[in-house]
Amino acid sequence: MSNFFNTGLTQQQFLDEFWQKKPLLIRQAFADFETPISPEELAGLACEPEIESRLIEERGQEGKAWQVSCGPLSDDDFARLPETHWTLLVQDVDKHLPELQYLLDPFRFIPDWRRDDLMISYAPEFGTVGPHTDGYDVFLLQAMGARRWQIGDQPIHEAKLIDGLELQILAEFKPDQSWDLQPGDLLYLPPNFAHHGVALNDCMTFSVGFRAATQVEVLDAVVNNLLEQQLGKVRYSDSNLLLSAHGSEVDEHAVERLKKMLHQAIDNAEPILTQTLGKVATETKPSLLSLASEYMTGAISKEELERLFSQGEELHRNHYLRFAWSENNGCGQLYMAGQAYEVDKQAVGYLTLFAEQTTLTPKDWKQIKLSESAVNLLSKLIEEGGWFWQDT
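Everything in this summary refers to the structure shown in the same document. (Residues numbered from 1 in each chain as written. Predicted model: local features only at pLDDT ≥ 70, side-chain atom pairs only at ≥ 80, totals over all residues. Heavy atoms only, no water.)

1. Considerations on unusual backbone geometry
Right, so step 1: Here the residue pair Gly71 and Pro72 is connected by a cis peptide bond, since its omega of 5° sits within 30 degrees of zero.
Right, so step 2: Within the secondary structure, Pro72 sits in the loop between strand E3 (65–70) and helix H3 (75–79).
Right, so step 3: At Gln28, a position not held by glycine, the phi torsion is positive, near 55°.
Right, so step 4: With respect to the helices, strands and loops of the structure, Gln28 is situated in the loop between strand E1 (24–26) and helix H2 (39–46).
Right, so step 5: Taking the relative accessible area as the measure of exposure, Gln28 reaches 34% and is therefore partly exposed.
Right, so step 6: Positive phi, close to 70°, is recorded for Phe126, a residue that is not glycine.
Right, so step 7: With respect to the element layout, Phe126 can be found in the loop between strand E5 (115–123) and strand E6 (138–144).
Right, so step 8: With a relative accessible area of 38%, Phe126 lands in the partly exposed category. (Helix = DSSP H or I, 4+ residues; strand = E, 2+ residues; numbered from the N terminus. Buried < 20%, exposed > 50% of the residue type's maximum accessible area, 1.4 Å probe, protein only.)

Structure follows, in structure tokens:
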């Protein structure tokens, strides 16, 4: 099994011993690393109106503490900044600059549908976003300069925050460990571990974060799927009702019956739970919706596909959309942008092709066109912007 960044751990050992359990510092995980994007290029992305970015100033204008300015930013925003104590963050750089997606390859042993994005930050000396916790796993790759990371050694599930700030900064922070990261060093942090990073000089940090839906988000999706499938119609019942001294009391027995009813609803809905997870995992961020929709086209026929592929054209997967798939009893489902597409036995073998490859070539088409179901699915995915021709 693959070695985990030359640590002597296999990938599975990392998952068993560290993933969502405890932090891990890996020196020179990316040996001789040089940032593929400059601070000036990052600032240029932050000025784009459809790219999510934030400028965080520890000492903002008019003495305001921890001032947050959301993008798009302007040249004037950067011109007025002091020499120290500020941080620029740009989200989803892997989608806006697909040529940087190679940086994600070492993390693909974790399911792609779990990964959120590659966020890149730049900070001059003393730049920081304050001590905080995150509700998700993150790998922090030092890309330029040096940053000091202080971390706690136990997760905090009910953090006390400083009141009145736009940022969720811990009111109290007592670090247990401190490390100075140089370019190529990698720090893994599980959810809810307090951490505080401070730039020691002009530095850039690449953050590979992973999605984690809340119970409320998943339950909401389950309920929506139950409604769509016309399930969950069993009513509350109390055939074991006991005589009560108080007619208005909702007693513990009623609560137990309710819990049992809800558990039964989930158990009966097991066939749609995979679909629910697939939909939730592939939902498109609101900040990316307009960019993702630019690749939507009209319906395309098999004859048109044949013509374009025969001319040597290639299809490219929409990097703003998320894909996943599942298989059960010989059939399957493909998930894209929060939607589920039924896949019959004839086309189930093409799931990895449509959900995991980044390009479809004329050679791939020779296999796809053997299945009418696969052709129909591909046509639907193209129509809805999941795949596009380079000149689209």
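2. Looking at the side chain of Asp94
Right, so step 1: Mapping Asp94 onto the fold places it in helix H4 (residues 93–96).
Right, so step 2: Residue contacts for Asp94: discarding those within four places in its chain leaves Gln101, Leu104, Asp117 and Leu118. (Contact = heavy atoms within 4.5 Å.)

3. Concerning the sheet that holds strand E16 (residues 359–360)
Right, so step 1: One open sheet accounts for three strands, arranged E16-E12-E17; its pairing is antiparallel. If you trace the sheet from one side to the other, it starts and ends with E16 and strand E17 (387–389), each paired once.
Right, so step 2: In this structure, strand E12 (residues 315–317) lies alongside E16, joined through two bridges in antiparallel fashion. If you follow Leu315 over to E16, its bridge partner there is Leu360. (Pairing = 2+ DSSP bridges.)

4. Some remarks on helix H12 (residues 372–383)
Right, so step 1: Over its 12 residues, H12 runs 17 Å from end to end, which matches the ideal 16 Å to within 8%, given 1.5 Å per residue.
Right, so step 2: The first or second residue beyond H12 is Gly385, which carries a positive phi of 85°. (Expected span 1.5 Å × (residues − 1).)

5. Considering the packing of aromatic side chains
Right, so step 1: What the rule picks out here adds up to 23 aromatic pairs.
Right, so step 2: Relative to Phe109, the ring of Phe4 lies with its centre 5.6 Å away and its plane at 80°, an arrangement referred to as edge-to-face. Here Phe4 is found in the segment before helix H1 (11–17), whereas its partner Phe109 is found in the loop between H4 and E5, with 105 residues between them in sequence. Phe109 matches Phe4 in its accessibility class, with the two residues each being buried.
Right, so step 3: Consider the rings of Phe30 and Phe33, whose centres lie 5.9 Å apart with planes at 80°: the pair is edge-to-face. One exposure class covers both Phe30 and Phe33, and it is buried.
Right, so step 4: Between the NZ or CZ atom of Lys22 and the centre of the ring of Phe18, over which it lies, the distance is 5.0 Å. (Phe/Tyr/Trp six-rings, centres within 6.5 Å; stacked < 30°, edge-to-face > 60°. Lys NZ or Arg CZ within 6 Å of the ring centre and 35° of its normal.)

Geometry only, nothing functional implied.
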